[in-house]
Amino acid sequence: MTNSAAPHLLPVFARADLGFERGEGCWLIATNGDRYLDFTSGVAVNALGHAHPALVKALQEQATKLWHMSNLFQSPDGEKLAARLCSESFADFVFFCNSGAEALEGVIKLVRHHHFSKGHPERYRIITFEGAFHGRTLATLAATGSPKYLEGFGPPMDGFDQLPHGDIEAVKKAIGPQTAGILIEPIQGEGGVRSATPAFLKALRQLCDEKGLLLAFDEVQTGMGRTGDLFAHRRYGVTPDVMSLAKALGGGFPIGAVLATAEAASGMGPGSHGSTFGGNPLAISAANAVLDVMLKPGFFDHVQKMSLLLKQKLASVIDRHPDVVSEVRGEGLLIGIKAVVPSGDLVAALRNEKLLTVGAGDNVVRFLPPLIVTEAEIEDSVGRLERACTALTGNKRAAS
């Protein structure tokens, strides 16, 4: 990994010495002409792959009409997108923003303001869980609670109580007169592709109902088809009060969203929140095009079929290379492989085989192919994994 290729970019990313000039479906073409099978998807962003014709057409058409307008005026296309998201979810209202972190900021503000508007300003604390990742702003870093992200930025923002993941008794004990809500990822992506059990999520829903709390789902990574349904909460059968979306919502064009019920959003009137670029016409056109594709009959059936195939193929690799990989996790095409070797070594070995993956916590490597991935491309990826495992095994033997 190197930062030397772009010396004028702030060196906050450990960038690989590799650049790309264009993409085609599930493939990226490097500046030297090499083709890479992209199972990173911009970290679950490029859900429809690269240069999808529906997205290209939508952006080209919108680019000739209107790029930006103030949110002081109506947005007919934004209203259309919001109505479609609400019809496919639990929500009554949508707020558009620009990123996942900004969507989570909106969720946090909405949860707190809900209780303030009902005469309980003391209820501002939000329960979160170990292993979570909610963003890089000061508030979302505090919600994440990881020391490695918080170090160096002063005292963490107050208002978050982080608990062991899956421990319902700890949640019950933590709820007090200042508790406003509970925030959880249905599946922790950055945290190592760790799924919450349906029983745990249902218990959280019951607790929120009993205690008058808001249940917030962070679906920045799990939303927009990644788990084999449009939203993960539909697969779990648990309905939140508030939800964040981003990543795949624009298929690669930056857009985030906060979805909420009318009750949860009560009190959010003019001036309580805002965004200059949120709901930008270009972003809205991209997101509407993404929904056009995803809501066609058979789209999620394909995702689920490819998920089953990929899991089966990965399990077979584990059987043959238990010294390199040990477990398959995840839902849909949010798949994690727990590595026995350092996960960074496996990511690098896969990149040497021209397969792009991304690491996660708990020594996991994520396979996040575009949702349009084909059976042949799944087969191809597993062959590259097989070769990477063989190379790593050889390296271990040579070093011993």
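By the naming in an unreviewed UniProt entry, the protein chain goes by Acetylornithine aminotransferase and is assigned to Bradyrhizobium stylosanthis. Of the protein chain, the UniProt comment under Sequence similarities (unreviewed entry) reads exactly: "Belongs to the class-III pyridoxal-phosphate-dependent aminotransferase family. ArgD subfamily."

Visitor: Please clarify how helix α8 (residues 198-211) should be interpreted in this entry.
Guide: For an α-helix, 3.6 residues make a turn, and residues three or four places apart therefore share a direction. When the terminal C-alpha atoms of α8 are compared, their 20 Å separation across 14 residues agrees well with the 20 Å that a helix rising 1.5 Å per residue should span. Here α8 has its buried residues at Phe200, Leu201, Leu204, Arg205, Leu207 and Cys208. Relative to the axis of α8, the buried residues are bounded by an arc of 165° and lie together on one face. Counted as exposed and oriented over 90 degrees from the buried face of α8: Ala199, Asp209 and Glu210.

Visitor: Honestly, the packing of aromatic side chains in this entry has me stumped. Any pointers?
Guide: A ring pair, where both rings are aromatic, is described by two values, the distance of the centres and the angle of the planes. Applying the stated criterion to the full structure yields five aromatic pairs. Ring geometry for Phe133 versus Tyr149: centroids 5.3 Å apart, planes at 70°, classification edge-to-face. Here Phe133 is found in the loop between β5 (125-129) and α5 (138-144), whereas its partner Tyr149 is found in helix α6 (residues 147-150), with 16 residues between them in sequence. Tyr149 shares its class with Phe133; the two are buried. Judged by centre distance (5.3 Å) and plane angle (90°), the rings of Phe299 and Phe300 are edge-to-face. For the pair formed by Phe299 and Phe300, the shared burial category is buried.

Visitor: Help me understand the environment of Ala289 in this model?
Guide: For Ala289, the position within the fold is in helix α10 (residues 281-294). As for Ala289 and Glu331, which are separated by 42 residues in sequence, their C-alpha atoms are 24 Å apart. If near-sequence neighbours (up to four positions away) are discounted, Ala289 is found in contact with Ala54, Leu55 and Ala58.

Visitor: I would appreciate a short explanation of unusual backbone geometry in the present structure.
Guide: For residues other than glycine, phi is negative in most cases, and the peptide bonds are mostly trans. Residue Val43 is not a glycine yet carries a positive backbone phi of 60°. Turning to its location among the elements, Val43 is positioned in helix α1 (residues 41-44). Although it is not a glycine, Ala44 sits at a positive phi angle of roughly 70°. With respect to the secondary-structure elements, Ala44 resides in helix α1. Residue classification places Ala44 among the buried positions, given a relative accessible area of 1%.

Procedures and definitions
- Residues numbered from 1 in each chain as written.
- Predicted model: local features only at pLDDT ≥ 70, side-chain atom pairs only at ≥ 80, totals over all residues.
- Heavy atoms only, no water.
- UniProt positions renumbered as here; feature names shortened; annotations may be inferred.
- Helix = DSSP H or I, 4+ residues; strand = E, 2+ residues; numbered from the N terminus.
- Expected span 1.5 Å × (residues − 1).
- Buried < 20%, exposed > 50% of the residue type's maximum accessible area, 1.4 Å probe, protein only.
- Arc of directions from axis to C-beta.
- Phe/Tyr/Trp six-rings, centres within 6.5 Å; stacked < 30°, edge-to-face > 60°.
- Contact = heavy atoms within 4.5 Å.

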